[in-house]
Structures are given as structure tokens and as C-alpha cells.
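Understanding the architecture of this molecule
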Amino acid sequence: MDFAPTAEQRARQAEVMAFGQRLGANAAEHDRLGVFDEAGWKACADFGVLGWPISPTYGGSGLDPLSVAMAFEALGHSCVDNGLVFAINNHVFACAVYIADHGTDEQRERWLPRLCDGSLIGAHALTEPDHGSDMLAIETTARQVGDDYILNGTKTFISNAPVAGLFIVFARTSDDNVPQRRLTAFIVPADTPGLSVRPIAKAGLRGTPMGEITFDSCVVPAEHRLGAEGAGYRLFTSTMEWERGFMFASQVGVLGRLLERSVDHATRRTQFGRPIGGYQAVSGKIADMRVRLELAQLLLYKVAWLRSQGKLALHEASMLKLCVSEGLKATALDAMQLHGARGYTEELGIEREVRDALAGTIYAGTSEIQRSVIAGLLGLPA
Ligand SMILES: Cc1cc2nc3c(=O)[nH]c(=O)nc-3n(C[C@H](O)[C@H](O)[C@H](O)COP(=O)(O)OP(=O)(O)OC[C@H]3O[C@@H](n4cnc5c(N)ncnc54)[C@H](O)[C@@H]3O)c2cc1C
């Protein structure tokens, strides 16, 4: 395994860092008001972010997996509007890559160019009010009638839902004895009659609008089915490296940003006549941040490397997701503690980092679920 960045990857990282620093100027306001940054979205689309992992045939850049990971890490590090970056993550890794990996040529031609140029915002609708971690129990149904499917049910906590133009929706198409064969994925445009969205306010990542979607006898043509009928679970798990792996690349970047801010503060801030970084209780926290960053980077690059070798990375993606999300939560809290009262005010943006970091241990499979996936892959009983 060789993760040393090439000259091209290094140059791209530098470009992305410079670009990301220009974004996020109004992050605090977007957070306070819960506003989706349309201008930032457009700038990211123009910069090519939305198509980094997508083939140039469909309007993307076709970057290799390690380059995608490094570019998103740089974006997460440099753009302080975590909400905007999370909206992009959902769009790219929970919608566009599904169509790129599992769509027909016709579906790719129809949807990917608009997802890459940002004129269409994507979202991923799996969770339901009564079924979160237990995804195989979802109750939204898709009943085939002639050349159409009729969708009924409710999806909730869906990132981007209030602004999305396109949803990847998972629904139950049968009551097969094998639960893994019951689900099917569909590409559902937001303007489908019978589809409605109710916004949901949340603690952090407020620049990513969230919503609940209701499907009331929505007619979805069979040609919008993604993959075979009954293949929804297989499709979900085979795309897992994207959602539990690459979706967390930007959080690795945030770990780097919080580390830099903490080192800077601990060097400048003096108490009792010495920089606070000279006290082991403070420098120990910073050393832990550095270790979390190193482990997160290594796991991220390993997932990317495995994917570039065409190998499965389910185990590694779960470990990455667990390591990055728990590590970011701990790092954000430590950063707040070592910034003292200033860290707790709204003036430095550290409290926003804490609120934003809290979500990562819940979405894309909670930490508890990651631990049971990792234990299950070791052969322990589920
Ligand atoms: C910011 C954010 C964005 C999100 N975006 C999306 C999205 O775009 N699309 C989407 O479909 N969903 C999205 N979700 C929903 C997310 O995927 C679910 O919240 C998650 O899967 C957990 O489901 P739940 O909230 O219903 O919790 P539950 O499943 O009810 O779990 C509650 C608690 O019980 C624990 N638990 C449950 N089962 C077990 C078990 N077997 N063993 C041990 N512990 C267990 C959980 O770990 C958790 O701590 C988002 C959530 C958040 C917070």
C-alpha cells in the first residue's frame, strides 16, 4: 500500500484548500438561520467538486478513489461551513455514486450530468420514523402496477430533502422469506405527484436542510428502478464504502483543522505566565487529536486504496466511520475545553464545530451499529 500523494494529488489539494477557504465566509449566519448556501453550492459545482468521482462521460472528473478522498479531505479542512460540505457529501456519495455504480446507461445519461453540474440536488431516502438502524424492516412499499410502481410511505431525517430534485428511495417490494431480498431502490424526482417534504430543524450541520418525505400513491415508472427488483439491500451494502468511507473524508479534514486551531491557541494563550500548551493536561489533549487524525487518515487512504484495487472494504469502511466520527466528537469537545470560555461562545465557531461533530456518530449507521458490523465480520453472533 502506497499512500504517498503524487505531485498531481498534492497540487489538487493545494488548489482545493485555497478554494475551500474562499467558501464558508457566512457559515455562522447559515448555521444560525439554517440556510442552505446556494452560492456556495454553485461555486462547488463550477469548481468540479460534485463530479470528482464521476466519469467524464457524464460530466465528472473521473478522479481515482485516493484522489477523491484527498480532495474531500482538503475541502473539509478548508471550508468551515460543515453544513455545505455535508450537503455535498450526501449529494455525491449517497445519490450520484449510486446511479454511477448501479444505474443503466440511460439512467446515467439522464441524471448524472445534472447532478455533476449542480442543477439537480440529490438525496438518499432510507430511514423511516419507525425503522432507523433496522433498515431491513422498512415499511415504505412499492407495488408494481403495469409499467409503474406505486410508492406509499414516509422517510425521515433525509439530508437535502427540502432542496433536493432527486431522491434515491428504498422501498419494500416483497415479503420474501429472506429479508435481504425484500428491498428495491428507485430514482424518484422530487416533483413526482404525491411526494411532499416537511422540513426538520436540527442541532448542527444546519447548512444542510433536512426533511421528512411522504409518498402518497406516487407513480414511479419501472424504468426508474435502480438495479434489479429485490436487489436494494445488496446495492446498499455494495455502495457502503462510499457512504461510510468517502463521506467521512471531509471530517478527516475537520480533524486537521481543529488540530491546527488548537495548536495555535495553546501556543498563543498564556496563563500563569506560560503558554497553556506547556501544561501537559493541555498538550496531552492535542497529542490525542494528532493520533486521532493519523489513524483516521490511514483508514481513509486504506479504504480508498482497496477500492482502487477493486477490493471490498466493508470492514475498513465501518472502522473508518467509527474512528472518524467518534474521533471528531472527542476532538471538537477537547478543542472547546482548551479554548476556555471563548470556545463556548458563538464568536470562534468552535461550539458550531461541536454541534456539527455530534451528528457523525448517528448518520450512515450509528457507532453501536458499526461496532456490531465489525464484530459480525469477525464471526461473532449478530
Ligand atoms: C444529521 C443526520 C443526517 C441524516 N441523513 C439521512 C439521510 O440523508 N437519509 C437517511 O435515510 N437517513 C438519514 N439520517 C438518519 C440516520 O441514518 C439514522 O438516524 C440512523 O440510521 C439511526 O436510526 P434512528 O435515528 O432511527 O435510531 P435508532 O435505530 O432508533 O437507534 C436509537 C439508538 O439505539 C441504538 N441501537 C439500535 N439498534 C441497536 C442494536 N441492534 N445494537 C445496539 N444499539 C442499537 C442506536 O445505535 C442508537 O443509539 C440522518 C441522521 C442524522 C442525524
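A brief report on the enclosed structure follows. Just so it is clear, the structure is predicted and the values come from calculations on it, not from any experiment.

Analysis parameters
- Residue indices begin from 1 for each chain and proceed along its sequence in written order.
- Only residues with pLDDT of 70 or above have their local features reported here, since the model is predicted, and side-chain atom pairs are shown and tallied only from 80 upward, although totals for entire chains, interfaces and linings are computed over all residues.
- Each side-chain value is worked out from all heavy atoms of the structure, with water and hydrogens disregarded.
- Residues are counted as near a molecule or strand when any one of their heavy atoms sits within 4 Å of it.
- In protein, a polar contact requires one atom able to donate a hydrogen and another able to accept it; more generally it is a pair of N or O atoms within 3.5 Å, and residues adjacent in sequence count only if both atoms are side-chain atoms.
- Under the convention used here, a 1.4 Å probe and the Shrake-Rupley method define accessible areas, while residue burial counts only the protein chains that appear.
- Helix and strand labels come from DSSP, where a helix needs a run of H or I of at least four residues and a strand needs a run of E of at least two; each type is numbered from the N terminus.
- Only Asp, Glu, Lys and Arg are considered charged, only Ala, Val, Leu, Ile, Met, Phe, Trp, Tyr, Cys and Pro nonpolar, and every remaining residue, Gly among them, polar.
- Note that domain bounds follow an automatic or database assignment of domains.
- In this analysis, strands are considered paired if DSSP registers two or more bridges between them.
- Basic side-chain nitrogens of Lys or Arg form a salt bridge, by our definition, when they fall within 4 Å of a carboxyl oxygen of Asp or Glu.
- Think of it in three bands: residues with accessible area under 20% of the maximum for their type are buried, residues over 50% are exposed, and the middle band is partly exposed, with areas taken using a 1.4 Å probe on protein chains only.

Another aspect to go through is the site of the ligand. The ligand sits among 19 residues. The nearest are His 124, Thr 127, Ser 133, Thr 366 and Glu 368. Here His 124 contributes a backbone N or O atom positioned 2.7 Å from a nitrogen atom of the ligand. For the ligand, the protein covers 63% of the area, taking 980 Å² as the surface of the free molecule. Elements with a minimum of two residues in the shell around the ligand: helix H5 (82-102), strand E1 (122-125), strand E3 (148-159) and helix H14 (367-377). No other element matches E3, which puts three residues into the shell around the ligand. Of the residues assigned to the shell around the ligand, the class counts are 11 nonpolar, seven polar and one charged. Each of domain 2 (123-230) and domain 3 (237-377) gives at least three residues to the shell around the ligand.

Moving on: the pairing of strand E2 (residues 141-145). Bridge analysis of E2 against E3 gives five bridges, and the strand direction is antiparallel. The residue bridging Gln 144 from the neighbouring strand is Tyr 149, located in E3.

Turning our attention to the pattern of salt bridges. If you walk through the whole model with that rule in mind, you get 17 salt bridges. Residue Glu 353 pairs with Arg 257 through a salt bridge whose shortest N-O separation is 2.7 Å. Placement of the pair is Glu 353 in helix H13 (residues 350-358) and Arg 257 in helix H9 (residues 249-268), with a sequence separation of 96 residues. Look at Glu 353 and you get buried, because its relative accessible area is 5%. According to the relative accessible area criterion, Arg 257 is buried, its value standing at 6%. For Arg 268, the salt bridge identified is with Asp 264, shortest N-O distance 2.9 Å. Residue Arg 268 and its partner Asp 264 are located together in helix H9, separated by four residues, close to a single helical turn. A network of salt bridges, in which partner residues are shared, links Asp 31, Glu 351 and Arg 355.

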